[in-house]
Amino acid sequence: MAAENPTWGAPRIHGELLKLGFKVSEPTVSRWLRRAPSSPEIGKCWLTFLRNHREAIAAMDFFTVPTLTFGVLYCFFVISHGGRKILHCNVTRNPSALWVVQQMREAWPYAQAQRFLLFDRDSELGNDVISAANNLGTEPVRTAFRSPWQNGVAERWWKAAAGTCWTM
């Protein structure tokens, strides 16, 4: 099992052995399991996947900009992973789900939306946004809680954009 599945550890192999009817403890499995050296090929596979599918992935997110009058503006943007091209950007003082749905319609007015749309778990991005994404022909993919690295292209862009707003 370890040779055929190099990413599996002792707990996973132990569970598979239990399913097959072998009664063996997890410490025994880990004692007999040779530690396979971590392969850099695994990272290359993920990079290859991203390179091959980047044209099919778009992401959307919000960032905030403080104003001179101590208010807050919410900047919304949609970015294509292929070429990191901004598809749409807009600003509001009061974001809502219906406003986000309208922005999504404006991001793809005539063209087919990308196959996957990544976004985080902002309160403005609720069920209305998910059904609007489905209606646009894209598959909505939400990132895990407190995992901004899962939407890295959007996170890097808004940090650069927010820095530009501060320097103006």
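Values in this document were obtained by computation on a predicted structure and should not be read as measured data. (Residues numbered from 1 in each chain as written. Predicted model: local features only at pLDDT ≥ 70, side-chain atom pairs only at ≥ 80, totals over all residues. Heavy atoms only, no water.)

Brief notes about the overall build of the chain
Then step 1. Counting secondary structure elements, the chain contains six helices and five strands.
Then step 2. Order of helices (α) and strands (β) in the chain, N terminus to C terminus: α-α-α-β-β-β-α-β-α-β-α.
Then step 3. A total of 168 residues make up the chain; the buried ones form 34% of that total.
Then step 4. If you take every contact in the chain between residues at least 6 apart in sequence, the share linking residues at least 24 apart comes to 44%.
Then step 5. Surface summary for the chain: the accessible area is close to 11400 Å², and the carbon and sulfur share equals 57%. (Helix = DSSP H or I, 4+ residues; strand = E, 2+ residues; numbered from the N terminus. Buried < 20%, exposed > 50% of the residue type's maximum accessible area, 1.4 Å probe, protein only. Contact = heavy atoms within 4.5 Å. Areas by Shrake-Rupley, 256 points an atom, 1.4 Å probe, with all protein chains shown as cover.)

Section: the pairing of strand β2 (residues 72-80)
Then step 1. Both strand β1 (residues 57-66) and β2 contribute to a ladder of nine bridges, which runs antiparallel. Following the sheet pairing, P66 is matched in β2 by V72.
Then step 2. Hairpin connection of β1 to β2: five residues between the antiparallel strands, including F70 at a positive phi of 65 degrees.
Then step 3. Here β2 runs beside strand β3 (residues 85-92); their pairing, made up of seven bridges, is antiparallel. Counterpart to V78 in the pairing with β3 is H88.
Then step 4. Following β2, the chain reverses through four residues before pairing antiparallel with β3; G83 in that reversal takes a positive phi of roughly 80 degrees. (Pairing = 2+ DSSP bridges.)

Here's the deal with the environment of E106
Then step 1. Relative to the elements of secondary structure, E106 occurs in helix α4 (residues 97-107).
Then step 2. Classification of E106 by relative accessible area gives partly exposed; the value is 36%.

Focus on the side chain of S80
Then step 1. Structurally, the position occupied by S80 is in strand β2.
Then step 2. The class for S80 is buried, based on a relative accessible area of 5%.
Then step 3. Here Q114 takes part through its side chain, which lies 3.4 Å from a polar atom of the side chain of S80.
Then step 4. In this structure, S80 is in contact with I57, A58, K85, L87 and Q114, ignoring residues within four places of it in sequence. (Polar contact = N/O pair within 3.5 Å; in protein donor to acceptor, adjacent residues only side chain to side chain.)

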